[in-house]
Amino acid sequence: MVKRAYKYRFYPTGEQAEQLHRTFGCVRLVYNKALEMRTRAYATERHSISYAASSAALTEWKRTEELAFLNEVSSVPLQQALRHLHAAYTAFFAKRARYPRFKSKRKSRASAEYTRSAFRWRTGN
């Protein structure tokens, strides 16, 4: 099986840029909250948290009043942030990488990953 990756450059409108900035911020927040939750669980109770448990926690976070804004962005990049964190932990425990770090608003590169299921193709628009 051949895997392909494509890079695209686009110039978003003001509204699209605002949506992207909101998405980047939410992805960073979810990653950091999940990392903090996993770190705290291991430090206090000596148990690890699975991807499924962190995904369930994301659903609960979306239901709270202070994090209800997470519902305004696509759920796909948020789930991908959890998958990236899970992969980072897997690499750490396999001794291939350092312990995952928190993402900084200023120092980290803003990114969000959309999977194939996150898109809907429309012709003529």
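From a predicted model like this one, the values you see are computed outputs, not experimental measurements.

Basis of the calculations
- Residues numbered from 1 in each chain as written.
- Predicted model: local features only at pLDDT ≥ 70, side-chain atom pairs only at ≥ 80, totals over all residues.
- Heavy atoms only, no water.
- Helix = DSSP H or I, 4+ residues; strand = E, 2+ residues; numbered from the N terminus.
- Contact = heavy atoms within 4.5 Å.
- Areas by Shrake-Rupley, 256 points an atom, 1.4 Å probe, with all protein chains shown as cover.
- Lys, Arg positive; Asp, Glu negative; His and termini not counted.
- Charge placed at Lys NZ, Arg CZ, Asp CG, Glu CD.
- Expected span 1.5 Å × (residues − 1).
- Axes fitted to C-alpha atoms, helices over the stretch in contact; angles between N-to-C directions.
- Parallel < 35°, antiparallel > 145°, perpendicular 65-115°, else oblique.
- Left-handed = near helix turned anticlockwise from the far one by under 90°.
- Nonpolar A, V, L, I, M, F, W, Y, C, P; charged D, E, K, R; others polar.

We now examine the overall build of the protein. Each helix and strand counted, the protein has three helices and zero strands in total. Listing every helix and strand of the protein by position from the N terminus yields α-α-α. When its C-alpha atoms are laid out on the principal axes, the protein stretches across 55 × 45 × 30 Å. Within the protein, counting contacts between residues at least 6 apart in sequence, those at least 24 apart form 72% of the total. Total accessible area on the protein is roughly 10100 Å²; 52% of this is exposed by carbon and sulfur atoms. Between the averaged position of the 25 positive side-chain charges in the protein and that of its 9 negative side-chain charges there is a distance of 14 Å.

With 32 residues, helix H1 (residues 14-45) ought to run about 46 Å at 1.5 Å a step, and its terminal C-alpha atoms sit 46 Å apart, in line with that. Here the buried face of H1 lies against helix H2 (51-63) and helix H3 (75-93).

With that out of the way, let us pick up the packing of H1 against H2. For the pair H1 and H2, interaxial distance at closest approach is 11 Å and the crossing angle is 125 degrees. In terms of axis orientation, H1 runs oblique to H2. The handedness of the crossing between H1 and H2 comes out as right-handed. In contact with Val30, Lys33, Ala34, Met37 and Arg38 of H1, H2 contributes Tyr51, Ser54, Ala57, Leu58 and Trp61. Taken together, the residues that form the contact of H1 with H2 break down as seven nonpolar, one polar and two charged.

None of this, on its own, says anything about what the molecule does.
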